[in-house]
Amino acid sequence: MSSPSDIALETAIIHYEALRQYLESYLAQKNAQSGGRNSGQRASAKDKLTRLSKMQFGELSMDVYDELQRRLENRPDVPFLQVRDDFHPKRNQARQKLATLRSSPFRDLAIDVYYELERRYPEAVTVYVMKYGDNLGSRAGPQLMSPPADDGPRSANAILSGQSSPFHDYDYMDAPMSAAPASVRNGPTMPPQNIQNPVNFTRLDNLMSDLGNMLTVPKANGDGQFADGSPEQIRQKYENDIRNLQLKIKVLEEASGSSATDRVRQLEEKLSTQIAVNDKLELSLRKLETDYRKLKDQHENLQEEYKQKLQIQNDMRVDTSNLMEELKLQAAKNEELEVENRKRAEKIKQLQDENRKLELQLRDEFRGGAYMSPPSSRTPGPSSQGEDDGGIIDRERVSAYQNAVEDLLRNARSDNPTTVLVAMKSIVMACKSITEDTEAYEQAAASDTPTVPPLRAEDREHLSDLKDRLSNALTALMAAAKMHATSHGASLVATLDAAASNLTASIVELVRLLRLKGECRGSNGDNSAVFELDELKAFLERQTDDIVQAIQTLLSAMRQTSTLGQEFADTVRTITSIVENLVDVSRSTFANKPSAASFRGVGESILRALEESNRSLDELGTSLINGGPNQSKTQKQRLASSSYEIAKYVKELISLIE
């Protein structure tokens, strides 16, 4: 339990803090203007305060503090301090009269109390400076004189007399002992936790004061008699009072001791509870610090990650910008390449068309028998003698070459371009056979006893030149075929077609010079070849491919061009030549091969229908070409129908011999 002096100190600290905050600006200004000097009247008032006892000064300090709080709250419903039942009536009146003081007199009174608090309780100054700092520097007030050694009761008129004091109606020195200061009992200025049993201490102080008054010898009246009776009676009365008071003191001391023990126990329990709470708070604080460090680390990691991602984003933005620029350049280049590719495609198409025309022309020359009628200027000896059997080159060798060239061109356009090497081998063998016939003729003509008519000098020179051309053309075709096969079809087919055309042109020229033999294996006297059934089937299939390709070219020309010209005529002539050759070979085979006797009747009817469709195609083609701009849609439809019939009859012929 706190002692009365501790309670008084705590109350003084509260009063000092409030008064200093209220007077701080005024004291600082006053200190700067007067240098801490006070008038004699104010020094006299302060000197009177030093003579008050602790209890008397405590009552005065509490009343001034309560009035200050009332003025600071400035509540209209509280015009003065309220009456308290535990105060003496005169003290309540004095407290109410404090409200009548104007600001300046009340401030002077507050200053006097403030300086007295500094003098009596220097600890209050230390506590305030530790909490708020020293805004006033050294104390602005004058040094007050020390209190007198006798701190006992004094006359109120001697201490607080004069008009400057509002307390002439209430004497703080002579106030009843029951009117204890509120700071000691239950006044508003004391914190509740600092007051455990204030009534006991107040009564104890009052009893001690009464005991002191009782020990004072009463004065006699004017006639020498005591006012209360005889000395013996007075002594006995005082002794009884002393015994009663001692008994009360003992009871109060026991009660105070019991209360102090309870208070200590309560404080210890409260301290233990507070320590436990502090431990929990410390654990929570440590946990919070750990969480804070983790969050801080996470924050730093996130910041670093964000910086890295931001850098990556900036790099990607730069890369994207560069890529966009590169894409624009590539797009421009692609447009240029597309234009160039379109030009090349047109050129390739043009070359392919020209090559197809040349191929058809060469095939027509082979199949139509143009080389069967050699010029008179280059006819060998037997021709000049009027013999029909003066040819040198075997017809089968030329047919083998023709089939090999067709296989080469077909394989070059297939999905497996390496098969051109197989066809190329057949071409080489056919060319070798043709050159062997040529060399045999030259040897027979150059012997001492020639068995064949020799060539003229100019024909011999032409034959030598043709042999060189044939060798060079064959070498070029082999190189083109090898390149086409190794590049997996990436090289242009037109190159292979051109090389094959050059070689074919050399073969045709050689055949025209030396002619084919008038009779060969399987000849029926009309210069038509005779095949076995399986050979005839293969031959018809190859011819079908050529016919279909030529018909497609024919129909495309009719759709794209309103005026049909020489190209159209060449295509029609190619189709009719192929069909005529196909009919001749098939009819010869049916007539001369016993294995084909069973197909002869049906096959002949198909061949006649095929000849009729071929004749109709030839006539319609000639009519469309000669018609010029007056070409009718009906004629074109009839020509297309004839083309379809040709393809249909050829297919029926193949199905017949399967």
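Residues numbered from 1 in each chain as written. Predicted model: local features only at pLDDT ≥ 70, side-chain atom pairs only at ≥ 80, totals over all residues. Heavy atoms only, no water.

**Observations regarding the overall build of the protein chain**
Threshold: In this description a helix means any DSSP run of H or I spanning at least four residues, a strand means any run of E spanning at least two, and both kinds are numbered starting from the N terminus. Note on classification: 1.4 Å probe, protein chains only; a residue is buried when its accessible area is under 20% of the maximum for its type, exposed when over 50%, partly exposed between these limits. Throughout, a residue-residue contact means that at least one pair of heavy atoms, one from each residue, lies within 4.5 Å. Where accessible areas are quoted, they stem from the Shrake-Rupley method and a 1.4 Å probe; at the residue level, only the protein chains shown are allowed to cover.
In terms of helices and strands, the protein chain carries 18 helices and zero strands. Put simply, the protein chain has 658 residues, and 37% of those count as buried. Within the protein chain, contacts between residues separated by at least 24 positions form 80% of all contacts whose residues are at least 6 apart in sequence. Accessible surface, the protein chain as shown: approximately 37,800 Å² in total, 51% of it carbon and sulfur.

**Some points on the pattern of salt bridges**
Rules: Put simply, a salt bridge is a Lys or Arg side-chain nitrogen that is within 4 Å of an Asp or Glu carboxyl oxygen.
Within this structure, the stated rule accounts for 27 salt bridges. Here Arg 91 ties to Glu 59 by a salt bridge, and the two come within 3.9 Å at their closest N and O atoms. Residue Arg 91 is located in helix H4 (residues 89-97), and its partner Glu 59 is located in helix H3 (residues 54-73); the two are separated by 32 residues in the primary sequence. Judged by relative accessible area, Glu 59 falls into the buried class, the value being 1%. Residues Arg 91 and Asp 63 are paired through a salt bridge, measuring 3.0 Å at the closest nitrogen-oxygen approach. Taken together, the positions of Arg 91 in helix H4 and Asp 63 in helix H3 put the pair 28 residues apart, joining distant regions of the chain. You'll find Arg 91 and Asp 63 in the same group, each marked buried. Via salt bridges that share partners, Glu 59, Asp 63, Asp 66, Arg 91 and Arg 95 belong to a single interconnected network.

**Re the packing of aromatic side chains**
Quick reminder of the rule: When two rings of Phe, Tyr or Trp (its six-membered ring) have centres within 6.5 Å they constitute a pair, described as stacked for plane angles under 30 degrees, edge-to-face for angles over 60, and tilted for the intermediate range. We count a charge as sitting over a ring when the NZ of a lysine or the CZ of an arginine lies within 6 Å of the ring centre and within 35 degrees of the ring normal.
Tallying each qualifying case throughout the model produces six aromatic pairs. Judged by centre distance (5.1 Å) and plane angle (10°), the ring pair of Tyr 16 and Tyr 114 falls under stacked. With a gap of 98 residues between them, Tyr 16 in helix H1 (residues 4-34) and Tyr 114 in helix H5 (residues 103-120) connect regions that are remote in the sequence. Since its relative accessible area comes to 1%, Tyr 114 is described here as buried. Grouping aromatic residues by their ring pairs yields a cluster made of Tyr 16, Tyr 114, Tyr 115, Tyr 128 and Tyr 132. For the cation-ring pair, Arg 71 lies above Phe 106, with the distance from its terminal atom to the ring centre recorded as 4.2 Å. Seen from the ring of Phe 87, Arg 91 lies directly overhead, with NZ or CZ sitting 3.9 Å from the centre.

**Comments concerning H5**
Inclusion rule: One less than the residue count of a helix, multiplied by 1.5 Å, gives the span that helix is expected to have.
Given a rise of 1.5 Å per residue, 18 residues ought to cover 26 Å, and the 25 Å separating the end C-alpha atoms of H5 matches this to within 8%. The set of residues buried in H5 consists of Phe 106, Leu 109, Ala 110, Ile 111, Asp 112, Val 113, Tyr 114, Tyr 115, Glu 116, Leu 117, Glu 118 and Arg 120.

**What about the packing of helix H11 (residues 395-412) against helix H14 (residues 493-514)?**
Just so we agree on the cut-off: Axis definition: a line fit to C-alpha positions, over the contact stretch in the case of helices; interaxial angles, taken between N-to-C directions, run 0 to 180 degrees. Angles are sorted into four bins: roughly parallel if under 35 degrees, roughly antiparallel if over 145, roughly perpendicular if 65 to 115, and oblique for all others. Under the scheme applied, nonpolar residues are Ala, Val, Leu, Ile, Met, Phe, Trp, Tyr, Cys and Pro; charged residues are Asp, Glu, Lys and Arg; polar residues are all the others, including Gly.
Where H11 contacts H14, the axes come no closer than 10 Å and their chain directions differ by 170°. Relative to H14, the element H11 lies roughly antiparallel. Across from Val 398, Tyr 401, Val 405, Leu 408, Leu 409 and Ala 412 in H11, the residues of H14 making contact are Val 493, Leu 496, Asp 497, Ala 500, Leu 503, Thr 504, Ile 507 and Val 511. When grouped by side-chain class, the residues that make up the contact of H11 with H14 number twelve nonpolar, one polar and one charged.

**A word on the side chain of Ser 506**
Topologically, Ser 506 is positioned in helix H14. Apart from the residues within four sequence positions on either side, Ser 506 is in contact with Leu 466, Arg 469, Leu 470 and Ala 473.

**Quick notes on the nonpolar core**
Put simply, the test is: The term nonpolar core refers to a set of buried residues drawn from Ala, Val, Leu, Ile, Met, Phe, Trp, Tyr and Cys, joined through side-chain atoms within 4.5 Å.
Grouped together as the largest cluster of nonpolar side chains are 39 residues, with contacts concentrated most on Tyr 401, Ile 427, Leu 477, Leu 503 and Leu 514. Of all the secondary-structure elements, those providing two or more residues to this core are H11, helix H12 (420-446), helix H13 (457-486) and H14. With ten residues, H14 is the largest single contributor of residues to this core. Not counting residues within four places of it along the chain, the set of residues in contact with Leu 503 comprises Tyr 401, Ile 427, Cys 431, Leu 470, Ala 473, Leu 474 and Leu 477.

**A few points about helix H18 (residues 633-657)**
For H18, spanning 25 residues, the distance from its first C-alpha to its last is 37 Å, which sits close to the expected 36 Å at 1.5 Å a residue. What H18 keeps buried is the set Leu 639, Ser 642, Ser 643, Ile 646, Tyr 649, Val 650, Leu 653, Ile 654 and Ile 657.

**Quick look at a negative patch on the surface**
Worth spelling out the cut-off: In this analysis, a patch consists of residues with relative accessible area above 30% that form no salt bridge, clustered at 9 Å for like charges and at 5 Å for the nonpolar side chains Val, Leu, Ile, Met, Phe, Trp and Tyr. Counting rule applied: Lys, Arg positive; Asp, Glu negative; His and chain ends not counted. Where a charge lies is defined by one atom per residue type, namely NZ (Lys), CZ (Arg), CG (Asp) and CD (Glu).
A cluster of acidic residues, Glu 580, Asp 584, Asp 618 and Glu 619, forms a negative patch on the protein surface. Elements represented by at least two residues in the negative patch include exactly helix H16 (566-592) and helix H17 (600-627). Residue position: Glu 619 is located in helix H17.

**Comments concerning the confidence of the model for the protein chain**
Selection rule: The pLDDT score gives, residue by residue, the confidence of the prediction method on a 0 to 100 scale.
With 71% of its residues at a pLDDT of 70 or more, the protein chain shows a mean pLDDT of 75. Contacts from residues 210-220, a stretch scored under 50 in pLDDT, to residues over four places away or in other chains number eleven contacts. Under a pLDDT of 50 for its full length, residues 367-389 has, in the predicted model, 47 contacts with residues more than four places off or in other chains.

**Focus on the environment of Phe 599**
Examined against the element boundaries, Phe 599 turns out to sit in the loop between H16 and H17. Put simply, Phe 599 and Ile 657 are 58 residues apart on the chain and 7.2 Å apart in space, counted from C-alpha to C-alpha. Ignoring anything within four residues of it in the chain, the contact list for Phe 599 reads Leu 533, Phe 590, Glu 604, Leu 656 and Ile 657.

**Examining the environment of Ile 507**
Looking at where Ile 507 falls in the secondary structure, it is placed in helix H14. In sequence terms Ile 507 and Ala 473 are 34 residues apart; their C-alpha atoms lie 9.9 Å from each other.

**Focus on unusual backbone geometry**
In this structure, Asn 74 is a non-glycine residue whose phi angle is positive, near 55°. Residue placement: Asn 74 occurs in the loop between H3 and H4.

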